[in-house]
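# Structural description and commentary
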Amino acid sequence: MTATDTRWIASFLAAQAAEQGAARNTQLAYGRDLKDAQAYLARRGAGFAQADRAMLEAYLTQMDAAGLAPATRARRLSALKQLYRFAHEEGWRADNPVLQIKGPAKDMRLPDALSMGDVDALLAAAETHGKTPADRARNSCLMQVLYATGLRVSELVGLPVAAVRGDPQMLLVRGKGNKERLVPLSRPARAAITSWLAHRDAAQEARKQASGVKPSPFLFPSHGVAGHMTRVRFFTLIKELAIAAGLDPTCITPHSMRHAFATHLLHNGADLRAIQTLLGHADIATTEIYTHILDERLKRLVLDRHPMAKD
C-alpha cells in the first residue's frame, strides 16, 4: 500500500468531516471500504492514482464472486465514487474512472415488520427488565423514546439530556450530516423520560458529591470513553428484552424498531413525506421502500369504500 493512497484516504475523510459534517461512524465505514479497495489495487501493483475503469470494475466483480451482499458492494462503490470525485476536484486526477460504473440493483426488501403486539411486548418487558429500579426506568425510557421517534440508534444513545428538560412535546435531534430535525414525543415516552430523569439526576448528583465529577451532558450516561451508552450495549440490551418478551431475538434489532415506527405510522394513515422528515432521510427515495404499505392501504381503501366494489 502506497503512502499516496493513504494520504488520499486521510484527506478525503478529513474533508468529509469538515465540509459534510460526516459522523464518526460514517468516517470509519468510508475508511474501511476504501482500505479494502486500496489493498486490492496494491496486490495488482497499482493505486488510486493509476487505477482505470477496467481495474475498478474487476474489483467490484471480485466482490460479487466472493458473495458479498449487494448492499455492501453498493456501499463500497459509493465510497470510491466520492473519493474519486474529491480527487478530481483537488486536481489529483484529470478523470474520474468510476463515474460511469453502475452499482448492483438495490435490494428494496424490508425485514418483516414487528407487529404492534410485538412492540407492546417489548415495551412491557423493558419496564420489568433490570436489576434495579433505575435500570428498569432507563430501559423503559430507551424503548419508549425509540418507538415514539424512530431514531437511529446512534441518535438515541447520544441524546443530550438538555433536549428533554422541561417535559418538551417535541424532541430536537441532531442526525446525519449534523442536520437537525424535530420529532414529536408521545405521552408514554414523556412519562418514561420523566421517570428516568429522576433516577439519572439523583445518581449524577451523588457521583458529583462523592468525587466531584461534573454531571454528564447525556441522557443515558456511561463511564465509557464515549460518555454515553454505546450502540453495542443497546444492541445487546434489545436482544435481552426480546427474550424477556418471548420474541425471537434474531428478529429484534434497534433498526427493526425504527422500521416498526415508520410502518405503523403508514398503516395508520401517515403521509410518506412526513415519514421522510421524521426518519431524517435526506432523499425521499430512501423512504420509498415503504411504498408497498401505501399500495396495500390504497387497495383496501378502494375495495372497502368504492361503491362498485364487489364483496
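As the structure is a prediction and not an experimental result, all values here were calculated from the model.

Rules used in this analysis
- Residues numbered from 1 in each chain as written.
- Predicted model: local features only at pLDDT ≥ 70, side-chain atom pairs only at ≥ 80, totals over all residues.
- Heavy atoms only, no water.
- Helix = DSSP H or I, 4+ residues; strand = E, 2+ residues; numbered from the N terminus.
- Buried < 20%, exposed > 50% of the residue type's maximum accessible area, 1.4 Å probe, protein only.
- Contact = heavy atoms within 4.5 Å.
- Areas by Shrake-Rupley, 256 points an atom, 1.4 Å probe, with all protein chains shown as cover.
- Core = buried A, V, L, I, M, F, W, Y, C linked by side-chain atoms within 4.5 Å.
- Axes fitted to C-alpha atoms, helices over the stretch in contact; angles between N-to-C directions.
- Parallel < 35°, antiparallel > 145°, perpendicular 65-115°, else oblique.
- Nonpolar A, V, L, I, M, F, W, Y, C, P; charged D, E, K, R; others polar.
- pLDDT = per-residue confidence, 0-100.
- Salt bridge = Lys/Arg side-chain N within 4 Å of Asp/Glu carboxyl O.
- Phe/Tyr/Trp six-rings, centres within 6.5 Å; stacked < 30°, edge-to-face > 60°.
- Lys NZ or Arg CZ within 6 Å of the ring centre and 35° of its normal.
- Expected span 1.5 Å × (residues − 1).

## Some words on the overall build of the protein chain
- On a plain count of helices and strands, the protein chain comes out with 13 helices and 2 strands.
- Looking at the protein chain residue by residue over its 311 residues, the buried ones come to 40%.
- Nonlocal contacts in the protein chain, meaning residues at least 24 apart in sequence, comprise 57% of its contacts between residues at least 6 apart.
- A total accessible area of about 17200 Å² is found for the protein chain, and carbon and sulfur atoms account for 55% of it.

## Some thoughts on the environment of D135
- Mapping D135 onto the fold places it in helix 6 (residues 133–149).
- Along the sequence, D135 and R200 sit 65 residues apart, while their C-alpha atoms lie 9.7 Å from each other.
- Beyond its immediate stretch of four places on either side in the chain, D135 contacts H129 and G130.

## Comments concerning the nonpolar core
- With 49 residues, the main nonpolar core has L122, M143, L156, L171 and F234 as its most contacted residues.
- Secondary structure elements with two or more residues in this core: helix 5 (116–128), helix 6, helix 7 (153–157), strand 1 (170–174), helix 8 (187–211), helix 9 (231–244), helix 10 (254–267) and helix 11 (272–279).
- Tallying contributions element by element places helix 6 first for this core, with 7 residues.
- L171 has contacts with V145, T149, L151, L159, A163, V164, R181, L182, V183 and L185, leaving out every residue within four places of it along the chain.
- Core analysis: the second largest hydrophobic core is formed by 25 residues, A15, A51, L60 and L80 among them.

## Considering the packing of helix 5 against helix 6
- Here helix 5 crosses helix 6 at 155 degrees, and the two axes come no closer than 6 Å. In this view, helix 5 runs roughly antiparallel relative to helix 6, as classed from their interaxial angle. For the pair helix 5 and helix 6, contact is made by V119, L122, L123, A126, E127 and T128 and by R136, N139, S140, M143, Q144 and Y147, respectively.
- The residue inventory of the contact of helix 5 with helix 6, partitioned by class, reads 6 nonpolar, 4 polar and 2 charged.

## Quick look at the confidence of the model for the protein chain
- The pLDDT averaged across the protein chain works out to 86; a share of 86% of its residues lies at or above 70.
- Averaged pLDDT values for the elements of the protein chain fall to 56 in helix 13 (residues 291–305) and rise to 96 in helix 6.

## Here's the deal with the pattern of salt bridges
- Throughout the structure, instances matching the rule amount to 13 salt bridges.
- Of the charged contacts, one joins R76 and D36 as a salt bridge, the two residues approaching to 3.0 Å between their closest N and O atoms. One end of the pair, R76, is in helix 4 (residues 70–90); the other, D36, is in helix 2 (residues 24–43), and 40 residues separate them in sequence.
- Judged by relative accessible area, R76 falls into the buried class, the value being 14%.
- For R190, the salt bridge is made with D167, and the minimal N-O distance between the two is 3.0 Å. Highlighted residues: R190 in helix 8 and D167 in the loop between helix 7 and strand 1, separated in sequence by 23 residues.
- Among the residues examined, R190 registers a relative accessible area of 19% and is labelled buried.

## With respect to the packing of aromatic side chains
- Overall, the coordinates contain 9 aromatic pairs when judged by the stated rule.
- Aromatic pair W8 and F48: ring centres 6.1 Å apart, planes at 15 degrees, arrangement stacked. In this pair, W8 is assigned in helix 1 (residues 3–20) and F48 in the loop between helix 2 and helix 3 (53–65), connecting sequence segments 40 residues apart. One exposure class covers both W8 and F48, and it is buried.
- Ring centres of Y40 and Y59 lie 5.0 Å apart, and the angle between their planes is 50 degrees; this geometry places the pair in the tilted category. In this pair, Y40 is assigned in helix 2 and Y59 in helix 3, connecting sequence segments 19 residues apart.
- Judged by relative accessible area, Y40 falls into the buried class, the value being 5%.
- R7 extends its terminal NZ or CZ atom over the ring of W92, reaching a point 5.2 Å from the ring centre.
- The ring of Y40 is capped by R44, whose NZ or CZ atom sits 3.7 Å from the centre of that ring.

## Considering the environment of E127
- You can see E127 is positioned in helix 5.
- Owing to a relative accessible area of 48%, E127 belongs among the partly exposed residues under this scheme.
- For the pair E127 and S140, spaced 13 residues apart in the sequence, the C-alpha separation amounts to 5.1 Å.
- In this structure, E127 is in contact with R136 and S140, ignoring residues within four places of it in sequence.

## Topic: helix 2
- The end-to-end C-alpha distance of helix 2, which contains 20 residues, comes to 29 Å, matching closely the 28 Å that a straight helix rising 1.5 Å per residue would cover.
- Here helix 2 has its buried residues at Q27, A29, Y30, G31, D33, L34, A37, Q38, A39, Y40 and L41.
- One or two residues past the end of helix 2 sits G45, with phi positive at roughly 70 degrees.

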